[in-house]
Amino acid sequence: MKPKILLVNPPIYDFAAYDFWLKPYGLLSIAGYLRDKVDFKLFDYLDRLHPFVVKRNELESDRWGRGRLYCQKLPNPACLENIPRYFRRFGLPRELFIDFLTTQTQSDFVLIQTMMTYWYPGVQEVIEDIRNAWPKAKIILGGNYVTLCAKHAQELGADLSVEGTNLGPLAEFLDIEPDSEQPAFWQGYENLNVGVLKLTDGCPFNCTYCSVPKVYGKFKTRPLEHSLAELQLLCRLGVENIAFYDDALLFEPEKVLMPFLNEVLTRNIKMNFHSPNALNARFITSELAELMVRAGFKTFYLGFESASLEWQKRTGSKVSSDELAQASQYLIAAGAEPASITAYQILGHPQTDSQQLEASMRFVNSLGIRGMLADFSPIPGTPDGEFCRKWVDMDEPLFHNKTAFPIILLGFDETNRLKDLQRQLNRSLPNIQKH
Ligand code: B12
Ligand code: SF4
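Owing to the predicted nature of the structure, the values given are computational and were not obtained by experimental measurement. (Residues numbered from 1 in each chain as written. Chains lettered and ligands numbered in written order. Predicted model: local features only at pLDDT ≥ 70, side-chain atom pairs only at ≥ 80, totals over all residues. Heavy atoms only, no water.)

*Asks:* Requested: an account of the side chain of His226, with residues and values cited.
*Replies:* For His226, the position within the fold is in helix 9 (residues 224-236). From its side chain, His226 meets the backbone oxygen of Glu181 in a polar contact 3.1 Å long. Setting aside anything within four residues of it in sequence, one finds His226 in contact with Ser180, Glu181, Gln182 and Pro183. (Helix = DSSP H or I, 4+ residues; strand = E, 2+ residues; numbered from the N terminus. Polar contact = N/O pair within 3.5 Å; in protein donor to acceptor, adjacent residues only side chain to side chain. Contact = heavy atoms within 4.5 Å.)

In structure tokens, the structure reads:
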């Protein structure tokens, strides 16, 4: 008999959360690798097509499949009680999961996705409910929080924590050999309108605030046929929007992104593509911009962070101001709407003096594209995250919270002033729409 596995994407405990094409892609990929050898069930607390959410039409999706998550207000956690923002629990109500557990046959294993390090209270909640309802089930955690805060995660009481990308311990624990040629288990959803793809792993840069180089090692491309098969599966399931979760999607584009997009055109696949995880403007040539627009890219999020040369050099020189300007021009010339091009800039980075954030925001605005402040989350094990021990206890992941840290560093008034300025600058752009 096949083992039974329940897959869970936990609720989020945070000051803010929005379904910005959020899918538990690590968990679905693992389930895909085990397909046919296991009986799966999926409970995704963040699924906005779940009947509970669909009934509340105030949570409708925007034209690219994003939208607000159902939420309930909570008191701030004790260590963040001085942060003057409302703390909430985002995702399906806890009772729905408890009902689900009491009406289903027990699974042998429960695989839980972990994501942002400071979202661990959601993982804790799920573990508690499973231990109460299904005491015999073996609980397995994997993903970003487990990888970055391994010691902390071990204290949550799971039976196995799969750190990083090595699936050996998982295969051994389940006694099943994963088949990494298989696409992710998208069939776990009854209704699906948004999918995710990842054509590459890792990144060739070494930014001082980022964990990717350490976790993934050398940049590698994934087999093109694998990604195309997964794209076809998503098309068959009726998906209209796909977000790329790559860290360096545009690096060596002739090896993977360009052949992938050429196939999309050859096969006449109509899909809206998005890049929420930031593209590197350095690699956008006029040819690549034209291909991306023609093949269906609708939104372009570019990682910029600061126009200050000193700050750029200090943090890894991933992109320069000229490269951002050039890339914006190429994208606009290729037919991208200027309002669909957004440059992210870090708010609350510890080298705040050299960052010259306000001047950088004005520079982005002068290019005629949108700016977006990406609140800084200090990550343990990175040079900048370790430096933040000066202000917060980095061994308590709640202090990595991206809403809290800029307020702790810059103060509430300064944080609000910069956010207001960003809104004003964006409103000053002609024909601006929400993208
Ligand atoms: C996609 C992504 C996002 C998406 C959202 C993803 C989601 N579903 O929530 C978007 C673009 C919205 C996003 C936003 C942000 N992100 Co982000 N994001 C990522 C990214 C690129 C991938 C995460 C992911 O889905 N991994 C899973 C899959 C895709 O990876 P994989 O390699 O195939 O997985 C393998 C293993 O990890 C393992 N595995 C993975 N999951 C599981 C689960 C189980 C059960 C098992 C057994 C194994 C397993 O098996 C897989 C196969 O080998 C990571 C960087 C990275 N490369 O990990 C940053 C990362 C997680 N993000 C980060 C940051 C900083 C942010 C932001 C704070 C940025 C900002 N300032 O706005 C925001 C926060 C949003 C919020 N509301 O708080 C940080 C982490 C911060 C932290 N403290 O945890 C990371 C690590 C990047 C970095 N800079 O170092 N992000
Ligand atoms: S370019 Fe992006 S993914 Fe690569 S190291 Fe820098 S921040 Fe991380």
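Moving on, there is more to tell.
*Asks:* Would you mind going over the sheet that holds strand 10 (residues 160-162) in detail, with residue names and values included?
*Replies:* The parallel open sheet is built from five strands, whose spatial order is 4-1-8-9-10. Every other strand in the sheet has two partners, leaving strand 4 (39-44) and strand 10 as the edge strands with one partner each. For this sheet, the mean inter-axis angle between neighbouring strands, taken without regard to orientation, is 20°. With six bridges joining them, strand 8 (residues 109-114) and strand 9 (residues 138-143) adopt parallel strand pairing. In the strand pairing of strand 9, Gln113 is matched with Gly142. Strand contacts of helix 1 (residues 25-33): strand 1 (4-9), strand 4 and strand 8, with the helix running at about 145° to strand 8, the strand carrying the most contacts. Running over the sheet, helix 4 (residues 120-133) touches strand 1, strand 8 and strand 9 and is turned about 170° from strand 8. (Pairing = 2+ DSSP bridges. Axes fitted to C-alpha atoms, helices over the stretch in contact; angles between N-to-C directions.)

*Asks:* Please provide a residue-by-residue account of the site of ligand 1, values included.
*Replies:* Contacts to ligand 1 come from 37 residues, most closely from Tyr118, Ser211, Tyr216, Asp247 and Asp375. For ligand 1, an oxygen atom lies 3.1 Å from a polar atom in the side chain of Arg222. At a separation of 3.0 Å, a nitrogen atom of ligand 1 approaches a polar side-chain atom of Ser377. Contributing elements (two or more residues each) for the shell around ligand 1: helix 1, strand 8, strand 9, helix 8 (212-216) and strand 18 (370-375). Broken down by element, the shell around ligand 1 gets its largest block of residues, four residues, from helix 1. A domain split of the shell around ligand 1 shows at least three residues from each of domain 1 (4-174) and domain 2 (194-427). (Near = heavy atom within 4 Å. Domains from an automatic or database assignment.)

*Asks:* Lay out the environment of Asn82 in plain terms, naming residues and giving numbers.
*Replies:* Following the sequence through the fold, Asn82 ends up in the loop between strand 6 (71-74) and strand 7 (87-90). Distance from Asn82 to Val146, taken between C-alpha atoms, is 27 Å for residues 64 residues apart in sequence.

*Asks:* Got a sec to walk through helix 1? Specific residues and values, please.
*Replies:* Of all nine residues in helix 1, eight are buried; the element is thus mostly enclosed. Summarising the contacts, the buried residues of helix 1 are in contact with strand 1, strand 4, strand 8, helix 7 (168-174), strand 11 (194-197) and helix 9. (Buried < 20%, exposed > 50% of the residue type's maximum accessible area, 1.4 Å probe, protein only.)

*Asks:* Give me the lowdown on the site of ligand 2, citing residues and values where you can.
*Replies:* Taken together, Cys203, Phe205, Cys207, Tyr209, Cys210, Pro213, Asp247 and Lys318 make up the full set of residues near ligand 2. Looking at the shell around ligand 2 residue by residue, the classes come out as six nonpolar, no polar and two charged. (Nonpolar A, V, L, I, M, F, W, Y, C, P; charged D, E, K, R; others polar.)

*Asks:* Could you give an account of the domain arrangement of the protein, with specific residues and numbers?
*Replies:* Assigned domains within the protein: domain 1 (4-174) and domain 2 (194-427). A separation of 24 Å is found between the C-alpha centroids of domain 1 and domain 2. Carbon and sulfur atoms supply 69% of the area buried between domain 1 and domain 2, which totals about 3000 Å² over both sides. Together, Trp21, Tyr25 and Tyr118 form the three largest contributors to the area buried by domain 1 at its contact with domain 2, with a combined 26%. Viewed at the interface, domain 2 and domain 1 are joined by zero salt bridges. In this structure, the connection of domain 1 to domain 2 is made through nine residue pairs in polar contact (both at pLDDT 80 or more). (Buried area = accessible area lost by both parts, 1.4 Å probe. Salt bridge = Lys/Arg side-chain N within 4 Å of Asp/Glu carboxyl O.)

*Asks:* Just give me the short version of the sheet that holds strand 2 (residues 12-14), but keep the residues and values in it.
*Replies:* Here three strands make up an open sheet; going across it, the order is 2-7-6 and the pairing antiparallel. Two strands in the sheet have a free side with no partner beyond their single neighbour: strand 2 and strand 6. Between one strand axis and the next, the sheet turns by 25° as a mean value, whatever way the strands run. Here strand 6 pairs with strand 7 via four bridges, running antiparallel. In the sheet register, Leu74 faces strand 7, and the bridge partner there is Phe87.

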